[in-house]
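Architecture and fold: a report
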Amino acid sequence: MAGANSLYARDASAIAGLQKLRFFPLALESGAGAYVVDDEGRRLLDLSAAWGAASLGYGHPAIVEAVCHAVSAPAGASILSATHRGAVELAEAILVTLPELPDHCVWFGHSGSDANETAFRAIAAATGRRRVIAFRGAYHGGTAGSMAISGHAVQSHAARAEGLTLISYPNPYHGEDGEAVLAGLAQQFETTLPPQEVGALFIEPIQSDGGFIVPPPGFLKRLVEMCRAHGILIVSDEVKVGLARTGLMHCFRHEGFTPDFVCLGKGLGGGMAISALVGPRAIMNHATAFAMQTLHGNPVSVAAATAVLKTIEDEKLAGNASTVGRFLLDGLTALKSRHRMVGDVRGRGLAIGIELLTEDPAGRRAAKTVFRAWELGLVLYYVGINSNVLELTPPLILTEAQASDAIAILDRAIADVEQGLVSDDAIRDFAGW
Ligand SMILES: Cc1ncc(COP(=O)(O)O)c(C=O)c1O
């Protein structure tokens, strides 16, 4: 636990709270595979993978080699005013994963936020259609432009886009099949929301930060069809759940629709800062000098992303996510019968959410559970506009043995919370979200 001169205490005075989302006093020195090591030498199994960014775990040899090579003789530092082989080849490699989008090209950014913001701005500029539809609970990023099209409670301070319409993301666990959402939107199209003014529909194919909701079967497909009929472009935000995490390379494929734009981030860089937006050339080439930051497409981040894509193929990580994910999901589902506070366990592959019952909101059950799990050697966080869904997005290299350990620790952490062993005091300093 953090003492007065500990790394965590020094962080408190040296680093701004504005960018903190803390659940327990985790201070890290290093990482290896699916584990992180804290400043006291304690090894913890990381079921978050830094919110999905560490897709290959920590220190994967393919990333180490690629990054070391790129940084030792870098082909410039940017793609703004010169191209380089690595960037072109990464763009080509990303397009190979999306044969259903043949007339597309790639924009590179630093984060999921800038990729979503660029999609929003480019679609509005190129089509002249300034309205946009997104979901209540959606988290598309932390920049002004990506917050403008989000609907997450943590960003209630943010200015939303003037033409933003938020619709509900149906949660099957709450008995919602999506019919009401579809009927409501159809009615809006006929009355207050002229569909010919709507440029884009932003979709998370699993709504992650809003509560890890897997949509009802067929819902997104029908929504997409309804919007397409009016020429509305479809953006699939795959920043958290894309790139093999759900057992398929791209998550939209589970839902039977093909988007016009795909946003990739987090796991694309395996811990390095890089994102990618794939979109139709007509819009992506609408203007030049329109969405750029100096270090976009830098050779080091590009090399890491190329290594990630290759390793996903070489090590068959989509298959691993599917198999180990099923094992984890089954093991966690079994906890439902033993713990009254576990409401629902859902997910695809290694993208899993555990919704805790909220009849005692003041108790902050999710906050206490992740805190206790951390004490027991497991890192995971919670999400949800009601702050009650545990989120598991472990490295894609997770093994069944590690998944077993994780289930055992969570079993105990939940039991301890149910028995009142985690006090309100213990989590007082950790606001979470
Ligand atoms: C679905 C989704 N989109 C976009 C983002 C923003 O990504 P970043 O924080 O890397 O900018 C996130 C981050 O949580 C996300 O989950």
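The rules behind each value
- Every chain begins its residue count from 1, and numbering advances along the sequence as written.
- Residues qualify for local features only when their pLDDT is at least 70, as the model is predicted, and side-chain atom pairs are given and counted only at 80 or more; totals for whole chains, interfaces and linings, by contrast, use all residues.
- Just so you know, side-chain values use all the structure's heavy atoms and leave hydrogens and water out.
- Near is defined per residue: the residue qualifies when any heavy atom it owns lies within 4 Å of the molecule or strand.
- In protein, a polar contact means a hydrogen-donor-capable atom and an acceptor-capable atom, both N or O and within 3.5 Å, with residues adjacent in sequence counting only if both atoms are side-chain atoms; elsewhere, any N or O pair within 3.5 Å suffices.
- Exposure was quantified through the Shrake-Rupley algorithm and a 1.4 Å probe, taking into account, for residues, occlusion by the shown protein chains and nothing else.
- In DSSP terms, a helix is any run of H or I states spanning at least four residues, a strand is any run of E spanning at least two, and both are numbered starting from the N terminus.
- Domain delimitation in this document rests on an assignment produced automatically or drawn from a domain database.
- Note on contacts: a residue pair is in contact if any heavy atoms of the two residues lie within 4.5 Å.
- Buried area, as used here, totals the accessible surface that two parts lose on assembly, with accessibility defined by a 1.4 Å probe and the loss added over both.
- Any two strands with at least two DSSP bridges between them are considered paired.
- Axis definition: a line fitted to C-alpha atoms, limited for helices to the stretch in contact. Angles are taken between N-to-C directions and run from 0 to 180 degrees.
- Exposure classes here rest on a 1.4 Å probe applied to the protein chains alone. A residue is buried below 20% of its type maximum, exposed above 50%, and partly exposed in between.
- The criterion is simple. A nonpolar core is a set of buried Ala, Val, Leu, Ile, Met, Phe, Trp, Tyr and Cys residues joined through side-chain atoms within 4.5 Å.

Lining the immediate environment of the ligand, one finds 13 residues, of which Ser113, Tyr139, Asp209, Asp237 and Lys266 sit closest. With respect to the ligand, the side chain of Asp237 contributes an N or O atom lying 2.7 Å from a nitrogen atom. Measuring from an oxygen atom of the ligand, one finds a side-chain N or O atom of Lys266 at 3.0 Å. Coverage of the ligand by the protein chains reaches 85% of its 390 Å² of free accessible surface. When residues of the shell around the ligand are assigned to their parent elements, the largest contribution, three residues, is made by helix H5 (residues 112-127).

What follows is about the domain arrangement of the chain. Annotation of the chain at the domain level lists domain 1 (7-60 + 316-427) and domain 2 (62-314). Of note, the centres of domain 1 and domain 2, computed from C-alpha atoms alone, are 25 Å apart. Taken together, the 33 residues of domain 1 in the interface contact 36 residues of domain 2. Summed over both sides, the interface of domain 1 with domain 2 buries roughly 2700 Å², with 58% coming from carbon and sulfur. Among the residues domain 1 hides against domain 2, the three largest losses belong to His60, Arg348 and Ile385. Together they make up 24% of the total.

Another point: the sheet that holds strand S11 (residues 342-348). The four strands are arranged S11-S12-S15-S14 in an open sheet whose pairing can be described as antiparallel. The sheet is open, and its two edges are formed by S11 and strand S14 (381-383), each paired on a single side. Strand after strand, the sheet turns through a mean of 30 degrees between neighbouring axes, direction not considered. Direction of pairing for strand S12 (residues 351-356) relative to strand S15 (residues 389-392): antiparallel, over a ladder of four bridges. Residue pairing in the sheet places Ile354 in a bridge with Leu390 of S15.

Here the focus is the sheet that holds strand S4 (residues 104-109). Strand order across the open sheet formed by seven strands is S4-S10-S9-S8-S7-S5-S6, with mixed pairing between neighbours. Both outer strands of the open sheet, S4 and strand S6 (164-167), are each paired with one neighbouring strand and no more. Averaged over all pairs of adjacent strands, the angle between their axes in this sheet comes to 20 degrees, without regard to strand direction. Bridge count between strand S5 (residues 131-135) and strand S7 (residues 198-203): three bridges; the pairing is parallel. Directly across from Val132, in S7, lies its bridge partner Ala200.

Here the focus is the environment of Arg222. Residue position: Arg222 is located in helix H8 (residues 219-228). Note: C-alpha distance between Arg222 and Leu182 (40 residues apart in sequence) is 8.0 Å. For Arg222, the residues in contact, after removing those within four places along its chain, are Glu179 and Leu182.

Here Leu332 is to be found in helix H11 (residues 317-335). Residue classification places Leu332 among the buried residues on the basis of a relative accessible area of 2%. Between the alpha carbons of Leu332 and Phe219 there is a distance of 26 Å; along the sequence they are 113 residues apart. If near-sequence neighbours (up to four positions away) are discounted, Leu332 is found in contact with Val345, Ile352, Ile354, Leu392, Ile407 and Leu410.

Moving on, we come to the nonpolar core. Generally speaking, nonpolar side chains in soluble globular proteins are found buried as a group. With 113 residues, the main nonpolar core has Leu223 and Leu332 as its most contacted residues. The residue makeup of this core includes at least three contributed by each of domain 1 (7-60 + 316-427) and domain 2 (62-314). Excluding its chain neighbours within four sequence positions, the residues that come into contact with Leu223 are Phe135, Ile167, Leu182, Leu185 and Leu201. If you look at the next biggest cluster of nonpolar residues, it comprises 24 residues, including Ala122, Ile123, Val132 and Leu164.

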